[in-house]
Amino acid sequence: MGDRWWLGPGLGVLGALAFIVGVVATPPAAGYEVSVYDAYPLWAWAGFALALVAGLGSLFRSVITGERGWQHGLAIVASAYGVFFALPLFRGYYIYGTPMSDALYHFGIVRDVLENGLLPETGYPATHLLYTALVTVTGLPMRELQPIIALGFFALFAGACYLAGRAFFGPRGGLATLGAALPLVFVLNHLMTLPWLFALPFLPLLLALTHRWARRRRSGHEGIFGSILICGTVLVFYHPVTALVTALSLALYALIVAPSLRRVLQRRRNRTGRRDRDHGTYAVTYRLPFVILIPGVFWYLSIGHITRFLARAVTRDVDGGAVGYAGDAQQTSYSIQELVWEFLVLEWGTVVLYAGVSAIIAAVIAIRRLRHRGSPLELLFAAQFSAGVGVALLLIVSQVLSRNIVRLNNYTLVGAIFLLGLAIAGLASQRPNTEGWKRIGVTLALGGLCLTVLGTALLAGAVTYEDNSHVTHATMAGAEWQHDHHQTAPETRAFRMSENIQRYFDGVSRSTPEDRQFHRSVDAYQLPNRLGYDDADSMAAVYENETYLVTKTADLEWAASQPPDRRDEIRSYSASDLEQLTDDPAVSRLYDNGRFTVWLVEPNSSGTGSVSD
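Calculation rules
Residues numbered from 1 in each chain as written. Predicted model: local features only at pLDDT ≥ 70, side-chain atom pairs only at ≥ 80, totals over all residues. Heavy atoms only, no water. Helix = DSSP H or I, 4+ residues; strand = E, 2+ residues; numbered from the N terminus. Polar contact = N/O pair within 3.5 Å; in protein donor to acceptor, adjacent residues only side chain to side chain. Contact = heavy atoms within 4.5 Å. Axes fitted to C-alpha atoms, helices over the stretch in contact; angles between N-to-C directions. Left-handed = near helix turned anticlockwise from the far one by under 90°. Nonpolar A, V, L, I, M, F, W, Y, C, P; charged D, E, K, R; others polar. Salt bridge = Lys/Arg side-chain N within 4 Å of Asp/Glu carboxyl O. Buried < 20%, exposed > 50% of the residue type's maximum accessible area, 1.4 Å probe, protein only. Pairing = 2+ DSSP bridges. Patch = residues over 30% accessible without salt bridge, like charges linked within 9 Å, V, L, I, M, F, W, Y side chains within 5 Å. Areas by Shrake-Rupley, 256 points an atom, 1.4 Å probe, with all protein chains shown as cover. Phe/Tyr/Trp six-rings, centres within 6.5 Å; stacked < 30°, edge-to-face > 60°. Lys NZ or Arg CZ within 6 Å of the ring centre and 35° of its normal. pLDDT = per-residue confidence, 0-100. Core = buried A, V, L, I, M, F, W, Y, C linked by side-chain atoms within 4.5 Å. 1 Å grid on protein atoms, 1.4 Å probe; cavity = no way out; pocket = protein on both sides within 12 Å on 5 of 7 lines; lining within 4 Å. Points joined across faces, edges and corners; volume = space filled by probe spheres on them.

## Quick notes on the side chain of Glu-33
Relative to the assigned elements, Glu-33 resides in the loop between helix H1 (7–25) and helix H2 (42–65). Within polar-contact distance, the side chain of Glu-33 engages the side chain of Arg-91 at 2.9 Å. Those residues in contact with Glu-33, other than ones at most four positions away along the chain, are Ala-39, Arg-91, Tyr-93 and His-470.

## Focus on the packing of helix H20 (residues 410–430) against helix H21 (residues 436–463)
In the contact formed by H20 and H21, the axes pass within 10 Å of each other and the chain directions differ by 150°. By crossing handedness, the relation of H20 to H21 is classed as left-handed. Each of Leu-420, Ala-423, Ile-424, Leu-427, Ala-428 and Gln-430 in H20 lies in contact with H21, whose residues at this interface are Lys-438, Val-442, Ala-445, Leu-446, Leu-449, Cys-450 and Val-453. Its residues assigned to classes, the contact of H20 with H21 shows eleven nonpolar, one polar and one charged.

## Concerning the pattern of salt bridges
A full pass over the atoms with the stated rule returns nine salt bridges. Here Arg-61 makes a salt bridge to Glu-67, at a shortest N to O gap of 3.1 Å. Arg-61 gets classed as partly exposed once you look at its relative accessible area, which sits at 23%. Given the relative accessible area of 30%, Glu-67 is considered partly exposed. Members of the salt-bridge network, linked through shared partners, are Arg-111, Glu-115 and Arg-510.

## Some words on the side chain of Thr-452
Residue placement: Thr-452 occurs in helix H21. Since its relative accessible area comes to 14%, Thr-452 is described here as buried. Polar contacts involving the side chain of Thr-452 include one to the main-chain carbonyl oxygen of Gly-448, which spans 2.8 Å. Beyond its immediate stretch of four places on either side in the chain, Thr-452 contacts Leu-353, Tyr-354 and Val-357.

## Considerations on the pairing of strand E5 (residues 587–592)
Taken together, the five bridges between E5 and strand E6 (residues 596–601) define a ladder with antiparallel strand orientation. Among the inter-strand pairings, Arg-589 is bridged to a residue of E6, identified as Trp-599. Connecting the antiparallel pair E5 and E6 is a turn made up of three residues, with Gly-594 showing a positive phi of about 95°.

## Let's talk about a nonpolar patch on the surface
A surface patch of nonpolar side chains, amounting to about 340 Å² of accessible area, comprises Ile-336, Val-340, Leu-344 and Val-352. It is helix H16 (residues 336–347) that contributes the most residues to the nonpolar patch, three residues altogether. Mapped onto the fold, Leu-344 is located in helix H16. Residue Leu-344 is classed as partly exposed on the basis of its relative accessible area of 40%.

## Some points on the sheet that holds strand E4 (residues 547–552)
Taking strand neighbours across the sheet as the criterion, the four strands line up as E3-E4-E6-E5 in an open arrangement whose pairing is mixed. One side of each edge strand has no neighbouring strand; the edge strands of this open sheet are strand E3 (491–493) and E5. Strand after strand, the sheet turns through a mean of 25° between neighbouring axes, direction not considered. Against the sheet, helix H22 (residues 473–485) contacts E3, E4, E5 and E6, and its axis sits at roughly 30° relative to E6.

## Some details on the packing of aromatic side chains
Counted according to the given criterion, the structure contains 29 aromatic pairs. Summarising the aromatic geometry, the rings of Tyr-37 and Tyr-465 are spaced 6.4 Å apart at their centres and angled 75° between planes, so their arrangement reads as edge-to-face. Of this pair, Tyr-37 sits in the loop between H1 and H2 while Tyr-465 sits in the loop between H21 and strand E2 (470–471); the two residues are 428 residues apart in sequence, bridging distant segments of the chain. Following the ring pairs from residue to residue traces out a cluster consisting of Phe-19, Tyr-37, Tyr-40, Trp-45, Phe-48, Tyr-81, Phe-84, Phe-85, Tyr-96, Phe-154 and Tyr-465. Above the plane of the ring of Tyr-40 lies Arg-91, whose end atom (NZ or CZ) is 5.2 Å from the centre. Just above the ring of Tyr-94 sits the side chain of Arg-143; from NZ or CZ to the centre is 4.2 Å.

## Looking at unusual backbone geometry
Here the phi dihedral of His-372 falls at roughly 60°; this positive angle occurs in a residue that is not glycine. Position of His-372 relative to the elements: it lies in the loop between helix H17 (349–370) and helix H18 (376–398). Of note in the backbone geometry, Leu-531 takes a positive phi value of approximately 65° without being a glycine.

## Observations regarding the confidence of the model for the chain
On average, the chain scores 84 in pLDDT, and the residues at 70 or more come to 82%. Scored below 50 in pLDDT, residues 312–331 shows 30 contacts in the model against residues more than four places distant or in partner chains.

## Digging into the nonpolar core
Membership of the largest hydrophobic core comes to 102 residues, with the highest contact counts inside it found for Phe-84, Phe-186, Tyr-354, Leu-380 and Ile-424. Here this core takes 15 residues from helix H7 (residues 142–181), the largest share from any one element. Other than its neighbours up to four places away in sequence, Phe-186 contacts Phe-157, Trp-196, Leu-197, Leu-200, Val-406, Asn-410 and Leu-413. Among the nonpolar cores identified, the runner-up in size contains 41 residues, and Tyr-131, Ala-199, Trp-213 and Cys-231 belong to it.

## Some remarks on the environment of Trp-70
By the element assignment, Trp-70 lies in helix H3 (residues 70–85). Separated by 105 residues in the primary sequence, Trp-70 and Leu-175 place their C-alpha atoms 8.3 Å from one another. In this view, Trp-70 contacts Ser-58, Leu-59, Ser-62 and Leu-175; residues no more than four positions away in its chain are not counted.

## What about the environment of Thr-177?
As for its placement among the helices and strands, Thr-177 is situated in helix H7. Residue classification places Thr-177 among the buried residues on the basis of a relative accessible area of 0%. Distance in space between the C-alpha atoms of Thr-177 and Ala-416 is 9.8 Å, their sequence separation being 239 residues. If we skip the residues at most four places from it in the chain, Thr-177 touches Cys-161, Gly-165, Phe-169, Ile-417, Phe-418 and Gly-421.

## A look at empty space enclosed by the protein
In total, this model carries four cavities of 30 Å³ or more according to the counting rule given. Taken as a whole, the largest cavity encloses approximately 80 Å³ of empty space. Taken together, Tyr-32, Pro-99, His-470, Val-471, Thr-472, Thr-475, Arg-496, Lys-552 and Ala-554 form the lining of the largest cavity. Each residue belonging to the lining of the largest cavity can be placed in one class, and the counts come to four nonpolar, three polar and two charged. Looking at the second largest cavity, its volume works out to about 60 Å³. Counting residues per element, the ones that place at least two in the lining of the second largest cavity are H7 and helix H8 (195–199). With four residues, the single largest contributor to the lining of the second largest cavity is H7. Its residues assigned to classes, the lining of the second largest cavity comprises eight nonpolar, one polar and no charged.

In structure tokens:
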């Protein structure tokens, strides 16, 4: 079998080529489309799946056998992901993300910097300065840079996990950790402009640097310590809350690993009977306080931003919470089976798979520790994973941060990646030294872990692009017209629009609530069901004052894509409602590009209408 290592990479190359050809040969979207996945032929997606399976399989084969081939597998996965991340560009979308996307807010800050040279007060300026620099250097629009930057930070995250795995577990462990980091476990978030996700690679990177620094001989290695402080400072300016989580991870390292390093290496020095200046020793003793001090520095730099964030959370000026999310789901007609499929599989499937398997690994480590077996490194990453679960539970119960369960578990997933890498490398090392039933058990466990990573990669590839999550050029052209021509007094009502539209066009510093056209959640900015024709036969009976109404093809497509038994539970309108709006004497059409229409309701212009029975 040793001379057939190329079979896996060969199949992966064929799969990647099929995917690339399928994407390139498919014309861009002619208008709004519900699903990215439906836009491409099934054989193209089969090629993408084959590329992932063959690429990761080749990598894990090298981990298990020690033979070559992992570089080819990594190159195959990288080529498939490169095209996958660029799908919004191939589809011709204005931007990937809804008109309510936070990316538009961040782009508004970048616009402030580009046009005014001033950076508005923000808790994470590094993301905006990065975009500003790249726009200036490349001349590309911010929205076209988004998939490129997203892919770059994913590569940085995978690379940081590899370096940390190698530092803690050795070369085999580094490869295993890299394999566990390659599935898109953060699914949709990987494609967006999210400072917390951009900051996340620094967590494993700082752990790796700290471990290398603590194990260095003598004290003449200030360069690593300086690198730690530089990376930590950059991390704070990317996302202070992630910096706080990183401080927790470093504190766990200082409590669990550093003391054991000192004891082990002190015994080694005593056995040699040689002096420090001759043999050299690890400077863990005096470095341990610094390892504890580093999280304190991160905390000090980030505490102001965190305090302001918590103040917003107390006043509920943040996006709901996971508890509220679950409550919303209970109020719909979802059956138990539909809830499981919709949330535990499609929405949170990557978290469920990685966290579930990693919980088993952590339990095994706990049992080994009770039997006085195992190593401090095993305990360290079991503790990191457990701390991630604890942080997620705290945020869920307090309804802080986000409805996004994947985001709440970002620390959990990092811990899970390391536990999977540790377990795969450990079993692969143990397997040659076992026989009989024990060897069968080790092989089954090793295969199960590798299949977990492969299954998670396939699941993530199938759900990362969510339906109804892109903005067309027509929508942005219409939104810009409304932004430029609207009068301040009349309110604007629309579906699936937000104040981030205004921030994108004006910049955050010039966006004022008094002149807000859209809002993502305030009811006064939303269209009523069926535009109001449920209760009246004319808009004159629905609105007392002049009001702008915004309708768009995307609304019709979104409503049509919802399950039939759930359409009565959502606000929507149909083509027949638009026809009635066209004939309504109290309404005039101000703008229409074929896919985005702005209407003005003038209740006093003709008749008062009548309320329907």
